Amino acid sequence: MDTKIGSLDTCKAETNTVGCLSSDGVSAIQSFVPTTFVNSSESTLGRHLARRLVQVGITDVFSVPGDFNLTLLDHLLAEPGLNLIGCCNELNAGYAADGYARSRGVGACVVTFTVGGLSVLNAIAGAYSENLPVICIVGGPNSNDYGTNRILHHTIGLPDFSQELRCFQNVTCYQAVVNNLEDSHELIDTAVSTALKESKPVYISISCNLPAIPHPTFIRDPVPYSLTPKLSNRMGLEAAVEATVEFLNKAVKPVMVAGPKLRSAKACEAFVELADACGYALAVMPSAKGLVPEHHPHFIGTYWGAVSTAFCAEIVESADAYLFAGPIFNDYSSVGYSLLLKKEKTVIVEPDRVTIANGPAFGCILMKDFLRALAKKLKRNTTAYENYHRIYVPEGHPLKSAPKEPLRVNVLFEHIQKMLSNETAVIAETGDSWFNCQKLKLPKGCGYEFQMQYGSIGWSVGATLGYAQAKPEKRVIACIGDGSFQVTAQDVSTMLRCEQRTIIFLINNGGYTIEVEIHDGPYNVIKNWNYTGLVDAIHNGEGKCWTTKVLCEEDLIEAIETATGPKKDCLCFIEVIVHKDDTSKELLEWGSRVSAANSRPPNPQ
């Protein structure tokens, strides 16, 4: 049966909204679909694209104008269900689409040819690494210029227009170059549906002279998207479940660990169903934080090798069997390849494949189907969780601050913890915020996002803009370092234009702290800014904005009370001044191990 697009399971523990395939198996195409004709001014390529975006759950598109996309922007603006949000630069527009896709299940950005396309490329690469369906739309050259050997502006000065396309081929799962009206309908529809099916970004280039031209292809409203879902090989599924049950039921103290690919596999709920049924101790990899509920009775924390939350690594690494669902083992998540795991103890569940220890492996099996089938067959075994419960000692609190003592980072995050609820979401920037936010205990319904695989500093400003726009009912709390903020600071202005209520904690410690702990040098020290003064200048009296500097715990308490009280409807920017060497113990450990991995000498030739 076909599966309807537009009411999507976003695979977050707290939400079921639009933007990805629904899990109810309801067909979008009925036996009779009434035909709706549109007038000639709306029967254009531009309006068709706009209607398609709305149809898959996109109500906001992040854009930067340029002469090649202006007519297209006109037609996107004309669509009643679509809101065009102008960003300060293309990189931030791409990051915003990334953040939007994390919440809605799909996002979109529109830029101009080459100068815009190559600027947004980094953000699209990040979305690719995180398996996010982002539709990147580029206003392309006039259709008459293709094949003429002409040199165009906004290019590198060669009569070859394919440079941008070749760049995007490596970071998108589908590329559509629309330079005639005859096949534009098919190309656009294929691109959008491919993004949803593959959970990866796609690239659509539309010639600048085409969006406004009526064409018979567009005289009817597009039939709602209806994608045939992937299906598991039934015999393979049964064999994989049988082999896994035999493997895990022999174990004395098995555990299960959630990985980031749960999101793209749309298997979060299935993973929780398995946890409920089997009783195993339940951990998450750092990049999967927020994908499964932390209030689950058998949740034991974040498994991150030597920098795991307290007592979690000891339980996982001492287990005699572990099931990893959708993991990514890279040098960052493995803490410089130092995880104490053994392949012969491991069941790896990929979005479409299951591997048991050193073999066998089973392909063509959907993760959610496998986890649900496994839940019905595994024996209940709570031994690992009982062991955790025996050894667990509640974490202590930071040392009490002396009056007016300079603020410590651990005190800051103790107060951020108290701010969290089902009405908030946390965005953690690359850097020490990774480690400090990882230790936050997320209450039911609290969102959480960070970009671990790509780890691009500055990501959080645009991602905060996009996430908050997609989820206006949540108040986003963004934790951003000063070095990262300097990369993408401009789009605080877009947050103000969109009347967002985000609370930004700007952690000012004078440099790139995460780089310092990997390998220090004078290049990690940055020019200090008056960050609150900068945001005040961006505010410029337009919109609701409140800023303050925090030097001690007393200042912090007062700032949080103001931000959550009298200024609860404002964008609140709280600059927190901390010592340059005030870092989490986890970053110190992680940094030294990653540094050791980076500095390995060449193997003998």
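Position numbers for residues start from 1 in each chain and track the written sequence from start to end. Selection of residues for local features in this predicted model requires a pLDDT of at least 70, selection of side-chain atom pairs for listing and counting requires 80 or more, and totals for whole chains, interfaces and linings are taken over all residues. In computing side-chain properties, one takes all heavy atoms of the structure into account and sets aside hydrogens as well as water.

1. With respect to the overall build of the protein
Now for step 1: Only DSSP runs of H or I with at least four residues qualify as helices, and only runs of E with at least two residues qualify as strands; both kinds are numbered from the N terminus onward. Secondary structure summary: the protein contains 21 helices and 21 strands in total.
Now for step 2: Taken against the 2.2 N^0.38 rule, which gives 25 Å for 605 residues, the C-alpha radius of gyration of the protein at 25 Å falls within 12% of a compact globule.
Now for step 3: In terms of its C-alpha atoms, the protein occupies a principal-axis envelope of roughly 70 × 65 × 60 Å.
Now for step 4: For the protein, the proportion of its 605 residues judged to be buried stands at 59%.
Now for step 5: Counted over contacts in the protein with a minimum sequence separation of 6, partners at least 24 positions apart contribute 75%.
Now for step 6: Using the Shrake-Rupley algorithm and a 1.4 Å probe, accessible areas are obtained, with residue cover drawn only from the displayed protein chains. Working note: accessible area of the protein is about 24,300 Å², and carbon and sulfur atoms make up 53% of it.
Now for step 7: For the charge count, each Lys or Arg is scored as positive and each Asp or Glu as negative, with His and the chain ends excluded. A charged residue contributes its charge at one atom only: NZ of Lys, CZ of Arg, CG of Asp or CD of Glu. Side-chain charges of the protein comprise 52 positive and 64 negative groups, with the mean position of each set lying 5 Å from the other. In this setup the radius of gyration rests on C-alpha atoms only. A globule is expected at 2.2 Å times the number of residues raised to 0.38. Throughout, exposure labels follow a simple rule: accessible area from a 1.4 Å probe, protein chains only, divided by the maximum for the residue type, with under 20% read as buried, over 50% as exposed, and the rest as partly exposed. When checking whether two residues touch, look at their non-hydrogen atoms; a contact exists if any pair is within 4.5 Å.

2. Quick word on the sheet that holds strand S5 (residues 134–140)
Now for step 1: Should DSSP find at least two bridges between two strands, the strands are taken to pair. The strand order across the open sheet formed by six strands is S3-S2-S4-S5-S7-S6, and the pairing between neighbours is parallel. In this open sheet, the two edge strands, each paired with only one partner strand, are strand S3 (83–86) and strand S6 (175–178). Each strand of the sheet is rotated relative to its neighbour by a mean of 20°, with strand direction disregarded.
Now for step 2: Strand direction decides the pairing type here: strand S2 (residues 60–63) and S3, joined by four bridges, are parallel. Each residue of the ladder has a partner; that of Phe-62, found in S3, is Ile-85.
Now for step 3: This element, helix H15 (residues 459–470), spans S2 and S3 of the sheet and lies at about 160° to S2. Convention adopted: a line fitted to C-alpha atoms gives each axis, helices being fitted over their contacting stretch, and angles between N-to-C directions are expressed from 0 to 180 degrees.

3. Comments concerning the confidence of the model for the protein
Now for step 1: Of all residues in the protein, 92% attain a pLDDT of 70 or more, and the chain-wide mean is 90.
Now for step 2: Contacts for the low-pLDDT stretch residues 1–34, under 50 throughout, to residues beyond four places or in other chains number 107 contacts. Scored between 0 and 100, pLDDT is the confidence that the predictor attaches to each residue.

4. Topic: the environment of Asn-92
Now for step 1: Mapped onto the fold, Asn-92 is located in helix H3 (residues 90–104).
Now for step 2: For Asn-92, the contacting residues outside a window of four places in its chain are Gly-462, Thr-488, Gln-490 and Asp-491.
Now for step 3: Of note is the side chain of Asn-92, whose polar atom sits 2.6 Å from the side chain of Asp-491. Think of a polar contact as two N or O atoms within 3.5 Å of one another; within protein, one of them needs to be a possible hydrogen donor and the other a possible acceptor, and neighboring residues in sequence only count if both atoms come from side chains.

5. Brief notes about helix H6 (residues 184–198)
Now for step 1: For a helix, the expected span equals 1.5 Å multiplied by the residue count minus one. Taking 1.5 Å per residue, 15 residues should reach 21 Å; H6 reaches 21 Å between its end C-alpha atoms and fits that length.
Now for step 2: Those residues of H6 that sit buried are Ser-184, Leu-187, Ile-188, Asp-189, Ala-191, Val-192, Ser-193, Thr-194, Ala-195 and Leu-196.
Now for step 3: Elements that come into contact with the buried residues of H6 comprise helix H1 (45–55), S5, S6, strand S7 (202–207) and strand S8 (226–227).
Now for step 4: Trailing H6 by a residue or two, Ser-199 shows a phi angle of about 55°, which is positive.

6. Digging into the pattern of salt bridges
Now for step 1: In what follows, salt bridge is the name for a side-chain nitrogen of Lys or Arg lying within 4 Å of a carboxyl oxygen of Asp or Glu. Tallied over the full model, the rule gives 19 salt bridges.
Now for step 2: Close ionic contact of Glu-449 with Arg-102 constitutes a salt bridge, the shortest N to O distance being 2.8 Å. Residue Glu-449 is located in strand S17 (residues 447–450), and its partner Arg-102 is located in helix H3; the two are separated by 347 residues in the primary sequence. A single burial state applies to Glu-449 and to Arg-102, both of which are buried.
Now for step 3: Close ionic contact of Glu-449 with Arg-263 constitutes a salt bridge, the shortest N to O distance being 2.8 Å. Here the residue Glu-449 occupies a position in strand S17, and Arg-263 occupies one in helix H8 (residues 262–265), the gap between them amounting to 186 residues.

7. Focus on unusual backbone geometry
Now for step 1: Look at the link from Gly-359 to Pro-360: it is a cis peptide, with omega at 10°.
Now for step 2: Relative to the elements of secondary structure, Pro-360 occurs in the loop between strand S14 (353–356) and strand S15 (361–363).
Now for step 3: In the Ramachandran plot, Tyr-337 falls in the positive-phi region, its phi being about 60° despite a non-glycine side chain.

8. Considerations on the side chain of Ser-493
Now for step 1: In this structure, Ser-493 sits in helix H17 (residues 492–497).
Now for step 2: On the basis of relative accessible area, Ser-493 is assigned to the buried category, the value being 18%.
Now for step 3: When near neighbours in sequence (up to four residues on either side) are disregarded, Ser-493 contacts Cys-88 and Ile-538.

9. Observations regarding the packing of aromatic side chains
Now for step 1: Two rings from Phe, Tyr or Trp (for Trp, the six-membered ring) form a pair when their centres are within 6.5 Å of each other. A pair whose planes differ by under 30 degrees is stacked, one over 60 is edge-to-face, and the rest are tilted. In the structure shown here, the tally under the stated rule is 21 aromatic pairs.
Now for step 2: Seen in terms of ring centroids, Tyr-146 and Phe-161 are 5.6 Å apart; in terms of plane orientation they differ by 80°. Their pairing is edge-to-face. Placement of Tyr-146 in the loop between S5 and helix H5 (163–168) and of Phe-161 in the loop between S5 and H5 is noted, with a sequence separation of 15 residues between them.
Now for step 3: We call a charge positioned above a ring when the Lys NZ or Arg CZ atom is no farther than 6 Å from the ring centre and deviates by at most 35 degrees from the ring normal. Sitting above the plane of the Tyr-128 ring, Lys-200 keeps its charged end 3.9 Å from the centroid.
Now for step 4: It is Lys-289 that lies over the ring of Tyr-448; its NZ or CZ is 5.4 Å from the centre.

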